[in-house]
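Fold and geometry: a report
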Amino acid sequence: MSTLDTMATEQLDTHLAQLEDRLGKDYANVTRSRLHAMVDRERARFAGARIHAFVPILVERAVRAALTTP
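Notes on the structure follow. (Residues numbered from 1 in each chain as written. Predicted model: local features only at pLDDT ≥ 70, side-chain atom pairs only at ≥ 80, totals over all residues. Heavy atoms only, no water.)

Remarks on the pattern of salt bridges
- Evaluated as defined, the whole model comprises six salt bridges.
- Where Arg-64 meets Asp-26, a salt bridge forms, and the shortest distance between an N and an O atom there is 2.7 Å. In this pair, Arg-64 sits in helix H3 (residues 55-68) while Asp-26 sits in helix H1 (residues 4-26), placing the two residues 38 residues apart along the sequence.
- Linked through salt bridges whose partners overlap, the residues forming this network are Arg-22, Asp-26, Glu-60 and Arg-64. (Salt bridge = Lys/Arg side-chain N within 4 Å of Asp/Glu carboxyl O. Helix = DSSP H or I, 4+ residues; strand = E, 2+ residues; numbered from the N terminus.)

Remarks on a nonpolar patch on the surface
- A surface patch of nonpolar side chains, amounting to about 410 Å² of accessible area, comprises Ile-51, Phe-54, Ile-57 and Leu-58.
- Residue classification places Ile-57 among the partly exposed positions, given a relative accessible area of 42%. (Patch = residues over 30% accessible without salt bridge, like charges linked within 9 Å, V, L, I, M, F, W, Y side chains within 5 Å. Areas by Shrake-Rupley, 256 points an atom, 1.4 Å probe, with all protein chains shown as cover. Buried < 20%, exposed > 50% of the residue type's maximum accessible area, 1.4 Å probe, protein only.)

Quick word on the side chain of Glu-20
- Position of Glu-20 relative to the elements: it lies in helix H1.
- Buried charge without a salt bridge: Glu-20, with Arg-32 as the nearest opposite-charge side chain at an N-O distance of 4.8 Å.
- Look past the residues within four positions of Glu-20 in its chain and what remains in contact with it is Arg-32, Leu-35, His-36 and Val-39. (Lys, Arg positive; Asp, Glu negative; His and termini not counted. Contact = heavy atoms within 4.5 Å.)

What is shown is where atoms sit, not what they do.
Here you go:
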């Protein structure tokens with residue numbers, strides 16, 4: 001039986017996997033393992049968040065900022 005937490009986590013996983021795919025296309029010079037590590041690190045910052053709806057957007061902004069900063 002799925003709970004709301006389980007469903008929210010599965011949706012978040014799906015969104016973040018899609019994000020990694022987009023980042024992989026936009027930053028082809030960055031390895032997938034590095035992108036995955038960066039996304040995981042940013043996701044961990046929001047582990048205690050009560051609402052996860054904005055986590056993918058916040059993770060994407062942070063990772064893109066890190067990748068474009070020299």
